[in-house]
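Chain by chain, the residues:
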Amino acid sequence: MPIVSDSSGAAGNIRVFQDPDALAQAAAEEFRRRAAASIQERGRFTVVLSGGSTPVRLFEKLAAGVPGKGEFSWSAVHLFWGDERPVPFSHPESNFGSARAALLSRVEIGPANLHPVPLEGKDAAAAAIAYEKEIRSFFKLPEGRFPRFDLVFLGMGSDGHTASLFPGTPAVQESKRLVVAPWLEKLGNFRITMTVPVFNQARCVIFLVAGAGKAVTVRKVLEEEDRPGRFPAGLIRPASGELFWFLDRPAAGKI
Ligand code: 6PG
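Read on for a plain summary of the structure. All of these numbers come straight from a predicted model, not from anything done at the bench. (Residues numbered from 1 in each chain as written. Predicted model: local features only at pLDDT ≥ 70, side-chain atom pairs only at ≥ 80, totals over all residues. Heavy atoms only, no water.)

## Comments concerning the pairing of strand β13 (residues 242-248)
For step 1, the next point in the chain: With respect to burial, β13 is a largely interior element, six of its seven residues being buried.
For step 2, the next point in the chain: Bridge count for strand β2 (residues 12-17) against β13 is five bridges, and the pairing is parallel. The partner of Val16 across the bridge, within β13, is Leu247.
For step 3, the next point in the chain: Two strands pair when backbone bridges link them, and strand β12 (residues 204-209) and β13 are joined in this way by six bridges, in the parallel orientation. Along β13, the bridge assignment pairs Val209 with Leu247. (Buried < 20%, exposed > 50% of the residue type's maximum accessible area, 1.4 Å probe, protein only. Helix = DSSP H or I, 4+ residues; strand = E, 2+ residues; numbered from the N terminus. Pairing = 2+ DSSP bridges.)

Here is the structure:
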């Protein structure tokens, strides 16, 4: 894939791609490589998908099949969602609905492998509690422990939010719960989101960020240590895992 640069530093491994299509192709190849390795080593591949528009190209690439070595079976892949909007899965804003349309309806993955936020008949707070229970049960987690996902995809907004962890909101500081349901004044709605310690327990986190509108924030998050934690995306530093920033050229325009 047309990679423009590949560097590493305190803020992780930074790969810049020619355009969003090359970025998505690289992300799909990384997914495939890690899926084959995880399934071989641990018999399964646990993945957290991000929401928004950027990952849709990735979903489409995965649905089309990714060339390269390392076969894997979707039957050993378990998909979770890093955050969700409190809307029906059929709603255009649903992150699960977006993945279902672009990917899940086009690959051989069964309902037992899909772990969307359990919104049915629940308000956001109850859905967050139910999701946490489901994650704890899936990973057989004792209280106080965090799940270790094999791969987490995250996006970033131009304000430096990631998942539904927005600057200045209490959810960013959550250190005990796996999933919370913050009220977001700027959106006039609740969201359900996994928390920073969950993401930082992952084996690998890949940020997918495209577009010139994010370039200034990308630079601040990656290069300005002036106020660590100023941006939620800057708090994502896997303690014993890998961190990648997959950027297209416009998003990398200021670094
Ligand atoms: C969401 C996402 C959110 C997203 C960023 C970037 O539910 O919206 O989890 O964190 O990743 O807002 O969104 P775009 O990819 O649409 O720019």
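## Here we look at helix α2 (residues 55-64)
For step 1, the next point in the chain: Buried residues of α2: Pro55, Leu58, Phe59, Lys61, Leu62 and Ala63, and no others.
For step 2, the next point in the chain: Buried positions along α2 lie against α1 (20-42), β3 (45-49), α3 (95-102), β7 (151-154) and β12.
For step 3, the next point in the chain: Looking at the residues trailing α2, positive phi occurs at Gly65, about 95°. (Contact = heavy atoms within 4.5 Å.)

## Some remarks on the site of the ligand
For step 1, the next point in the chain: Around the ligand, a shell composed of 14 residues is seen, among which Thr54, Asp83, Arg85, Ala163 and Lys214 lie nearest.
For step 2, the next point in the chain: For the ligand, an oxygen atom lies 2.6 Å from a polar atom in the side chain of Thr54.
For step 3, the next point in the chain: Relative to its free-state accessible area of 420 Å², the ligand is covered by the protein chains to the extent of 86%.
For step 4, the next point in the chain: The pocket occupied by the ligand, as judged from atoms lying within 2 Å of grid points, is the largest pocket. (Near = heavy atom within 4 Å. Polar contact = N/O pair within 3.5 Å; in protein donor to acceptor, adjacent residues only side chain to side chain. Areas by Shrake-Rupley, 256 points an atom, 1.4 Å probe, with all protein chains shown as cover. 1 Å grid on protein atoms, 1.4 Å probe; cavity = no way out; pocket = protein on both sides within 12 Å on 5 of 7 lines; lining within 4 Å. Sits in = over half its atoms within 2 Å of the grid points.)

## Thoughts on the layout of surface pockets
For step 1, the next point in the chain: The volume enclosed by the largest pocket comes to roughly 340 Å³.
For step 2, the next point in the chain: In terms of lining residues, the largest pocket is bounded by 22 residues, among which Gly51, Gly52, Met156, Gly157 and His161 are the most central.
For step 3, the next point in the chain: Within the lining of the largest pocket, the residues separate by chemical class into six nonpolar, 11 polar and five charged. (Points joined across faces, edges and corners; volume = space filled by probe spheres on them. Nonpolar A, V, L, I, M, F, W, Y, C, P; charged D, E, K, R; others polar.)

## Things to note about the sheet that holds β3
For step 1, the next point in the chain: Ordered in space as β1-β2-β13-β12-β7-β3-β4-β6, the eight strands form an open sheet in which the pairing is mixed. Either end of the sheet is taken by a strand with one partner, and the two such strands are β1 (3-9) and β6 (114-115).
For step 2, the next point in the chain: The pairing of strand β4 (residues 77-81) with β6 spans two bridges and is classified as parallel. Bridged to Phe80 within β6 is His115.

## A look at unusual backbone geometry
For step 1, the next point in the chain: Residue Lys140 is not a glycine yet carries a positive backbone phi of 55°.
For step 2, the next point in the chain: Within the secondary structure, Lys140 sits in the loop between α4 (124-139) and β7.
For step 3, the next point in the chain: For Ala163, which is not a glycine, the phi torsion comes out positive at approximately 50°.
For step 4, the next point in the chain: The topology assignment puts Ala163 in the loop between β7 and β8 (179-180).

## What about the side chain of Lys214?
For step 1, the next point in the chain: Here Lys214 is to be found in the loop between β12 and α6 (215-223).
For step 2, the next point in the chain: In contact with Lys214, not counting residues within four places along its chain, are Thr54, Met156, Gly157, Ser158 and Val209.

## Quick look at the packing of α2 against α3
For step 1, the next point in the chain: At their nearest, the axes of α2 and α3 sit 8 Å apart, and the two run at 35° to each other. In this structure, the crossing between α2 and α3 has a hand that is right-handed. Where α2 approaches α3, its residues Val56, Phe59, Glu60 and Ala63 are matched on the opposing element by Ser98, Ala99 and Ala102.
For step 2, the next point in the chain: Here the residues of the contact of α2 with α3 are counted per class, giving five nonpolar, one polar and one charged. (Axes fitted to C-alpha atoms, helices over the stretch in contact; angles between N-to-C directions. Left-handed = near helix turned anticlockwise from the far one by under 90°.)

## What about the packing of aromatic side chains?
For step 1, the next point in the chain: Taken as a whole and assessed by the stated rule, the structure comprises 15 aromatic pairs.
For step 2, the next point in the chain: Ring plane angle 65° and centroid distance 5.0 Å describe the contact between Trp81 and Phe96, whose orientation is recorded as edge-to-face. Highlighted residues: Trp81 in strand β4 and Phe96 in helix α3, separated in sequence by 15 residues.
For step 3, the next point in the chain: The exposure class of Trp81 is buried, given its relative accessible area of 1%.
For step 4, the next point in the chain: Aromatic ring contacts, followed pair by pair, group Phe31, Phe45, Phe72 and Trp74 into a single cluster. (Phe/Tyr/Trp six-rings, centres within 6.5 Å; stacked < 30°, edge-to-face > 60°.)

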